[in-house]
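Residue-level structural notes
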Amino acid sequence: MKITTFDPLIMSAAADDVIGVFEDLGFKKTHAPVTDTGDMIYQTIRMKHEGGYHVDVADVPDIGEDRTCMRMNVDDFQEAYDLLISRGFKNELSDRTVKTSHSKEATMVSPSGFSVVLIEHIRKEG
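Just so it is clear, the structure is predicted and the values come from calculations on it, not from any experiment.

**So, the overall build of the chain**
Of regular secondary structure, the chain possesses 2 helices and 10 strands. Looking at the chain as a whole, 39% of its 126 residues qualify as buried. Across the chain, every contact between residues at least 6 apart in sequence was considered, and the portion connecting residues at least 24 apart equals 54%. Computing the positive centroid from 14 side-chain charges and the negative centroid from 22, the chain places the two 5 Å apart.

**Thoughts on the packing of aromatic side chains**
In this description, a pair of aromatic rings is defined by centroid distance and the angle of the planes. Per the counting criterion, the structure on display carries 3 aromatic pairs. Between the aromatic rings of Phe77 and Tyr81, the centroid separation amounts to 5.6 Å while the plane-to-plane angle is 25°, which identifies the pairing as stacked. Pair noted here: Phe77 and Tyr81 are both in helix H2 (residues 77-86), with a separation of 4 residues, about one helical turn. Neither Phe77 nor Tyr81 differs from the other in exposure class; each is buried. With a centroid separation of 5.5 Å and 85° between ring planes, the pair formed by Phe89 and Phe114 is classed as edge-to-face. Taken as a pair, Phe89 in the loop between H2 and strand E7 (90-91) and Phe114 in the loop between strand E9 (103-109) and strand E10 (115-121) lie far apart in primary sequence, 25 residues in all. For Phe89, a relative accessible area of 9% puts it in the buried group. Note on Phe114: relative accessible area 44%, which makes it partly exposed.

**Considering the pattern of salt bridges**
Counting across every chain of the model gives 4 salt bridges. Asp56 is the salt-bridge partner of Arg71, the closest N and O atoms lying 2.5 Å from each other. Highlighted residues: Arg71 in strand E6 (residues 67-74) and Asp56 in strand E5 (residues 54-59), separated in sequence by 15 residues. Of the two residues examined, Arg71 and Asp56, each falls in the buried class.

**A closer look at H2**
Listed as buried for H2 are Phe77, Ala80, Tyr81 and Leu84. The arc that holds every buried residue of H2, seen down its axis, measures 100°, which confines them to one face. Between a side-chain oxygen at the N-terminus of H2 and the backbone nitrogen of Gln78 the separation is 3.3 Å; the capping residue is Asp76. Once H2 ends, the next one or two residues include Gly88, with phi positive near 95°.

**Description of the environment of Lys104**
With respect to the helices and strands, the residue Lys104 is situated in strand E9. On a C-alpha basis, the gap between Lys104 and Gln43 in space is 16 Å, while along the polypeptide they are 61 residues apart.

**What to know about the nonpolar core**
A general feature of soluble globular proteins is that nonpolar side chains tend to end up buried together. Of all hydrophobic cores here, the largest spans 11 residues; its members are Met72, Val74, Phe77, Ala80, Tyr81, Leu84, Phe89, Ala106, Met108, Val116 and Leu118. Among the secondary structure elements, those contributing two or more residues to this core are E6, H2, E9 and E10. It is H2 that provides the largest number of residues to this core, a total of 4 residues. Judged by nonpolar contacts, the second largest core, of 10 residues, contains Val18, Phe22, Val55 and Val57.

**Topic: the side chain of Thr5**
By the secondary structure assignment, Thr5 is in strand E1 (residues 3-12). In this structure, Thr5 is in contact with Arg46, Arg71, Met72 and Asn73, ignoring residues within four places of it in sequence.

Here is what the cut-offs are and how they apply
- Residues numbered from 1 in each chain as written.
- Predicted model: local features only at pLDDT ≥ 70, side-chain atom pairs only at ≥ 80, totals over all residues.
- Heavy atoms only, no water.
- Helix = DSSP H or I, 4+ residues; strand = E, 2+ residues; numbered from the N terminus.
- Buried < 20%, exposed > 50% of the residue type's maximum accessible area, 1.4 Å probe, protein only.
- Contact = heavy atoms within 4.5 Å.
- Lys, Arg positive; Asp, Glu negative; His and termini not counted.
- Charge placed at Lys NZ, Arg CZ, Asp CG, Glu CD.
- Phe/Tyr/Trp six-rings, centres within 6.5 Å; stacked < 30°, edge-to-face > 60°.
- Salt bridge = Lys/Arg side-chain N within 4 Å of Asp/Glu carboxyl O.
- Arc of directions from axis to C-beta.
- Polar contact = N/O pair within 3.5 Å; in protein donor to acceptor, adjacent residues only side chain to side chain.
- Core = buried A, V, L, I, M, F, W, Y, C linked by side-chain atoms within 4.5 Å.

Given below as structure tokens:
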């Protein structure tokens, strides 16, 4: 399994405010994909600093209190999922994963309480 991206992800109902803080710190928006999970639709804004740092901010209107976790993109979802399960992580949605036309993901919570959003991007052939 190869990790292709690893950075902080902040989920917030006040995403514009969070983005403003990071813009003041020198981060710039690079892209903002929209994800439809079937249960909700949210936008994640990818930001990059000239020093090479990244942060993602997800605009999640009904989240309540802000939540910070790690985003980890991998090339083999099942291998990463099984590794985290073997280390005591629990899938926040039981055994369900969120599948879209471009990704498969699950939020995994460690025994001590930190979260990793595990994502595998689905590459279209052609």
